[in-house]
Each structure stands twice: as C-alpha cells, then as structure tokens.
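Below, each chain spelled out in residue letters.
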Amino acid sequence: MTMRGRTAIEQAILRSGKRTAFIPFVSAGDPNEDVSFRILLDLAQFSDVIEVGIPYSDPLADGPVIQAGSQRALQAGMTLPKALRLIARVRAVSDVPLVVFTYVNPVVQYGVDALMQACADAGADGLIIPDLPFEESAETREAATRRDLALIPLISLTSHERVQMIAASATGFAYCVSSLGVTGERASFAAELRAFVDAVKRASSVPVAVGFGVSSARHVRELAEFADGVIVGSAIVRRCEEIQNALTSGDAARLDASVEALSAFARELSEAGR
Amino acid sequence: MFPDERGRFGEFGGKYVPETLMSALTALEADYRRLAGDPEFSRLLRSYLRDYSGRPTPLYFASRLTKFAGGAKIYLKREDLNHTGAHKINNTLGQGLLAKMTGKERVIAETGAGQHGVATATVAALFGLQCTVFMGEEDMARQALNVFRMRLLGAEVVPARSGTKTLKDATNEAMRHWVEHVQETYYIVGSVVGPHPYPMMVRDFQRVIGDETREQIIAQEGRLPDVLVACVGGGSNAMGLFYPFLHDGAVRLIGVEAAGEGIETTRHAATIAKGSRGVLHGSMTLLLQDEFGQVQPAHSISAGLDYPGIGPEHAHLAASGRASYEPVTDQEALDAFATLAKVEGIIPALESAHAIAHAVKLAKTLPGDAVIVVNLSGRGDKDVHTAQGLLGGNLQ
C-alpha cells in the first residue's frame, strides 16, 4: 500500500527528482465537475502535489482570477461534499498527493473533526486554510494530526518573529507567500524573497515551497535556485476561462484543445523545475 | 472582562485573517493599548469630539413620540446631531488620530451606505491623510450623493465589483487591499466587526454614547433607564450605547435587526435570529450562510444594516442572554421614519428608524413611568430620496 498523508506530500516534494517540485492549484469543479476531473487527471501525470480549491463565496486571500474560478465552480453547482467526491475519484486512479485548499468558514460549518475525517476518507493528504493563522489552529491541527493529514501553514514576508513558531509547526510543507497581497500573476518577486525562504528553511523540518505570483517557466527556474517547490494558481486558473468558453460553445474539439492548452502550459512549468 | 487575550468574547471573536496581516494586527493592538493609556491622546480625542463633532450630543425627551406610542417615556440619544450626521465619526476620529499618531500617511475604509466612508474621508481631510474608500458598485449607484461627498472631501472611492457588490464585498476588497499595502496603510474598520482588536477598539471609541447617556438620564430622570434600544447592522452604535450598562442587570438591552421583507423570507439581514456560527471578515460570529458555509446575501431597505454578519460581542451578548435582538421589517422602519418626522420634526436615518419602530411597539406594553432610551444613530437626509420613492403616493 502506498503511503498517504503528510509523509506522502513531504516525500513527493523531496524525491521529485527535480530541482523544484511542481504544485499546481485548481478550483474543484471549475468550470464543471466532469471537466475538472479531466483537468486533475492530466495534472496528476506530471505534478508532484496538487492543490484542490474548495470554491467559496468570500475568498479573502484570492485575487480576481481565482475568485472568478471559484464563482464558475459555484455556479456549476460545486459544493464541499461534491469536491470531496471529486478528490476520491482522482485518488481511485492516481497516487499524486492531494491538498485541500479551503477557507475556514466551510470548515466550521462542516465541523472541524468531521471534515478532517471526510478528507482522510476521500484520500486527501493535507489541507491549506489561508485564513486560519497559527493562533487559531490548535483544534484543526489536532484533528489533522490524528489522521496524519498535513496542515500546511502560510508564512509571509511580514511574519518576522512569527516565522520560527509557524515553520516549526508545519507538516507537509511550509508555504512561503512570495509577496504582499492576494493571489495573482506577478511580473517579479520581492528582492528579499530568497533570504526569507532560507530563513524558513532553517526553522522548518519539512520542505519549503513558494507561491503567489508564480506565472511562467522563467519564474519556476528562478525559484528553483532556492525553493523545494513552487505553487502555481492564477496562471493555470486563468486558462479555465477559455475552457468555460469552449464548454459554453458546445464545440467538443475546442473544449479538447482548451484543456490540452492548460495541460501543456502546466507541463512546461513542471519541466522548468528540472 | 471581554475580550480575553485572544480577542474572544466567549466563543466569538478571534483573528481569522491571512498570515500577512497577523503582525500588523499585533502591532495595532500594542499601539492602541499604549495610546489608550496616553493622556495626550485622550485629551486630543476629547477635544476633537467636543469642538469638531459637537459632543456631547443631547439626550432628548421625545414627548410627542411618547404620547403617540402611549406608554413608556421615550428618550432619543441624538447621535444624528454629530458632525457628518451619524455616530460613525466617534470611531473615525479615534482611529484617525491613532493612524496619525502612529505615523501612517494613508487610511482605507469600507462603506455600505457611505456614512462610514464620509466619516473616514472627513477625518482624513482633518488630519491630512490620504484616503481610499471601498464601496460596493451597487451601493455607489444607490448612494451617489455620498460618493460625491467623499470625493469632495478628497477621498478616492473604489468600486467593489466582486460578489454581491455591496458592503460585504467592499469589506473583502478593503481587506485584500490592506494585505497588499499593510506596511504603509491604516485600515479604519467602520463597525464592531473584523479581527481582534477591531471589535474592542471600535466599541471603546463608541462607548462615549453610553457614557454620556448614563450621565444625562441620571440628570433628567434621577435613575438608570429600564431599556436601551439600538439598531444593529455590524452593531457599533448599539455596542457603544450598551457597553457602559453591561453590568447594570436591571437595564434591558435590545438590539434591533433588519428583518427586510420578513425573517420568514430569504430577504432579510436578521443575523441573530436566522444566522449560525461561522467566520466572516476575520472573526468568529453569527452569519447568514447556507449548509455548506457559503455566505448568503443580506437584504434591508437600509444599506447600513444590509450585512450578513454581526459584531462578535453582540453574538456573545445574544448567546449569554444579556441582550436580546428583535427583528423590524422594511415597512415598519419606513412607517417609523415617517412618524418621527411628523410627530417630532426629526427625520431619522432608515437604520435608526428600525430602533424607533421597535421602541414604539415596546413602549405601548410598558407603564408610563418606564424609561426607554433609543439611539438615534443618524439623520435621514441621505434616505430622503429612497423614502420619496417608497412613500411618495402616501404623503397627502
């Protein structure tokens, strides 16, 4: 039996065989459940870990691109239980580590303990909850740890003296936020990013990945110099807009082409980390 | 005393924000605690409240409204007589001064109807700070005059185009903007909502309403009131009135929620009556949401109450039973709006009209020597246009 949970994530990043592991983000059910499943299967072929977003009405940490992806999924009827079923479908055919990305309110509504159990049952390996800072995370951490699920914390350029505490608590990987602000494509990174990532590495016993703004193969090569993994969200989700348009058009060939374009783009970024 | 060191009011409150903001919130709390104990800060704030905003505001015995209701005596705490026309300035003067004295050069704010936006733009002008206000695109259309006011005061008004394009989304946009500009920007939150320390800080800046009321009612009636009534959106005017009376068990505290078209419909903003526990805008509170935790749109005739959440301290006061919360519909509020204009010559804000409506209902059930204080949190000039559309044919 293949290992699961936090160890699966940590090993997948450390043993990716690349300079930096590739961790794409997509919203579950964007633009609809079936196409989303197809996208996830494509990504599973060359990704080291995949983040699956639970669409939410008020995604505070996200910029316009991921907000739009979230809206497309919600309009197509995606819910948290359906997202967990989608994860289970992927798990049935792939061993790629899967991380659930969700805001805290759906967690509270579902019940912290019940959701951790449901995540484990679906075959997810960990969670990222961007609006659950360390100070509020004790109950969730305990419930996740009990099931060997990773609780992956975000660490920011403004974390300063908090870095030690957060990095030491990280399981799965430590998620370094590349710059101030919400998710979204950016032209370049903060000058102090490398020193920041190095500081997190010193404080942490798990791999350290960088996200927010990573949007090109050039970025991936640049970050591969010092990050164990890169997270790419908006640049991929933006390509779901065309998939949605293709879906609406009813043109099957156009739909295939748009899904293939997303995969090709993601594969190029993954390869850039070699 | 609440909040505790984690910013909790019982099980509500806390700090649920992206990590990027955590250091800023810790620094803000430290700055606030330091300045709150600084005599120079207190002296300056008191002088601005008096000389700039016109405090203390009167506590007015509304004899004709009392007669109209036919029961308990009704007093009105005249927050509508503040500069900019509502209680919002108590908080923006406090936070604006805090921003100024901690060396910030730029403030941002969210606004629904535009009252908090105007109050923020006003103190930004007063203290020479740059100001950006986030406002839902829908609300900008509904409250065009306040948009112009803010611009006249030198503020930049940015439309929030996400989600429902109202106050909830303006707050999201303000927080997103703050995450990006946290190092040089002070966020003036407009109500007793948001992550700790905001609910505490805004309450403390608004408690001047209750402190004055206490002195004034003792001077006029020789005793404490039997009931305090205030409308609740996020809940800052109610919290400000209630707070100095929390330990006076004999004083009933009643918050009035917007029932919109009725709490049995889906079009209301009655968070306490119909909401459930969850996290909105950085704190654990009660909110309107579906079974999966998706935040549901609120509705009220009054843009200031049109909010799917409520301050965490109100959620706590409701849970503990110290305060009760009553729903008042759009129609009842509109009737009270017209009544107060006719019998007292005071045009209340539609928000405050909700409190008036409940006070009149309640007064009828109480004896003539009972005393009710209603917070008249704002004036109604901003709502005359809306009311004209709705009441037009009925005013003969």
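Conventions and cut-offs
- Residues numbered from 1 in each chain as written.
- Chains lettered and ligands numbered in written order.
- Predicted model: local features only at pLDDT ≥ 70, side-chain atom pairs only at ≥ 80, totals over all residues.
- Heavy atoms only, no water.
- Helix = DSSP H or I, 4+ residues; strand = E, 2+ residues; numbered from the N terminus.
- Contact = heavy atoms within 4.5 Å.
- Salt bridge = Lys/Arg side-chain N within 4 Å of Asp/Glu carboxyl O.
- Buried < 20%, exposed > 50% of the residue type's maximum accessible area, 1.4 Å probe, protein only.
- Phe/Tyr/Trp six-rings, centres within 6.5 Å; stacked < 30°, edge-to-face > 60°.
- Lys NZ or Arg CZ within 6 Å of the ring centre and 35° of its normal.
- Right-handed = clockwise from strand over helix to strand, strands pointing away.
- Buried area = accessible area lost by both parts, 1.4 Å probe.
- Expected span 1.5 Å × (residues − 1).
- Axes fitted to C-alpha atoms, helices over the stretch in contact; angles between N-to-C directions.
- Parallel < 35°, antiparallel > 145°, perpendicular 65-115°, else oblique.
- Nonpolar A, V, L, I, M, F, W, Y, C, P; charged D, E, K, R; others polar.

Novice: Is there a simple way to think about the environment of B:Tyr307 in this case?
Specialist: All names here are of chain B. Along the chain, Tyr 307 turns up in the loop between strand S12 (283-287) and helix H13 (312-320). Along the chain, Tyr 307 and Gly 234 lie 73 residues apart, while their C-alpha atoms are 7.0 Å from each other. Residues contacting Tyr 307, with those up to four places away along its chain left out, are Leu 167, Lys 168, Val 193, Gly 233, Gly 234, Ala 269, Thr 271, Leu 280, His 281 and Ala 298.

Novice: So what exactly am I meant to see when it comes to the pattern of salt bridges here?
Specialist: Should the charged atoms of two oppositely charged side chains come close, the side chains can pair. Residues and elements named next belong to chain B. This structure, assessed with the given rule, holds 47 salt bridges over all chains. Of the charged contacts, one joins Lys 382 and Glu 351 as a salt bridge, the two residues approaching to 2.8 Å between their closest N and O atoms. Of this pair, Lys 382 sits in the loop between strand S14 (371-376) and helix H16 (384-391) while Glu 351 sits in helix H15 (residues 350-364), and the two are 31 residues apart along the sequence. Note on accessibility: Lys 382 and Glu 351 belong to one class, buried.

Novice: Mind showing me how you'd approach the packing of aromatic side chains here?
Specialist: Aromatic ring pairs: the centre-centre distance and the angle between the two ring planes describe each pair. Using the criterion set out here, one finds 13 aromatic pairs over all chains in the structure. Between B:Tyr32 and B:Phe205, the ring centres sit 5.7 Å apart and the planes meet at 75°, which makes this aromatic pair edge-to-face. In this pair, B:Tyr32 is assigned in helix H1 (residues 19-36) and B:Phe205 in helix H9 (residues 198-206), connecting sequence segments 173 residues apart. There is no split in this pair, since B:Tyr32 and B:Phe205 are both buried. Here B:Phe61 and B:Tyr75 contribute two aromatic rings whose centre-to-centre distance is 5.2 Å and whose plane-to-plane angle is 45°, an arrangement assigned as tilted. With B:Phe61 in strand S3 (residues 59-61) and B:Tyr75 in strand S4 (residues 73-78), this pair connects stretches of sequence that are 14 residues apart. What links up through ring pairs into an aromatic cluster is the set A:Phe25, A:Tyr56, A:Phe101 and A:Tyr103. Between A:Arg239 and the ring centre of A:Phe265, over which it is positioned, the NZ or CZ distance is 3.6 Å. B:Arg203 extends its terminal NZ or CZ atom over the ring of B:Tyr243, reaching a point 3.9 Å from the ring centre.

Novice: Looking at this model, I keep getting lost on the pairing of strand S1 (residues 21-27) of chain A. Mind explaining?
Specialist: Two faces make up the sheet, and in a regular strand the side chains alternate between them. By the criterion of burial, S1(A) is predominantly enclosed, with 7 of the 7 residues buried. Crossover handedness for the path S1(A) to helix H2 (residues 33-44) of chain A to strand S2 (residues 50-53) of chain A: right-handed.

Novice: What exactly am I supposed to notice about the interface of chain B and chain A here?
Specialist: Frequently, the measure chosen for interface size is the accessible area removed from exposure when the parts meet. If you look at the interface, chain B gives 35 residues, while chain A gives 33 residues. In total, about 2900 Å² of surface goes out of reach between chain B and chain A, with carbon and sulfur atoms giving 52% of it. Broken down residue by residue, the surface that chain B buries against chain A is led by B:Glu19, B:Arg176 and B:Phe292, which jointly contribute 25%. Here chain B is connected to chain A by 4 salt bridges. When the shortest N-O distance is used, the salt bridge between B:Lys168 and A:Asp58 registers 2.7 Å.

Novice: How should I be thinking about the environment of B:Asp248 in this particular structure?
Specialist: All names here are of chain B. Looking at where Asp 248 falls in the secondary structure, it is placed in the loop between helix H11 (236-242) and strand S10 (252-260). Sequence separation between Asp 248 and Leu 224 is 24 residues, and the spatial gap between their C-alpha atoms is 8.7 Å. Those residues in contact with Asp 248, other than ones at most four positions away along the chain, are Arg 214, Leu 224 and Arg 322.

Novice: So what exactly am I meant to see when it comes to H1(B) here?
Specialist: Since the α-helix advances by 3.6 residues per turn, residues separated by three or four positions end up pointing in the same direction. A rise of 1.5 Å per residue sets the reference length of H1(B), with its 18 residues, at 26 Å; its end C-alpha atoms lie 26 Å apart and thus fit the reference within 8%. All of the buried residues in H1(B) are B:Glu19, B:Thr20, B:Leu21, B:Met22, B:Ser23, B:Leu25, B:Leu28, B:Glu29, B:Tyr32 and B:Leu35.

Novice: Just checking my understanding: could you explain the packing of H1(B) against helix H8 (residues 167-181) of chain B for this structure?
Specialist: Two packed helices can be described by the angle between their axes and the distance between those axes. Residue and element names in this part refer to chain B. The interhelical angle for the contact between H1 and H8, taken along N-to-C directions, is 80°, at an axis separation of 9 Å. Classified by the interaxial angle, the pair formed by H1 and H8 is roughly perpendicular. Each of Thr 20, Leu 21, Ala 24 and Leu 25 in H1 lies in contact with H8, whose residues at this interface are Met 175, Trp 178 and Val 179. A class-by-class count of the residues in the contact of H1 with H8 yields 6 nonpolar, 1 polar and no charged.

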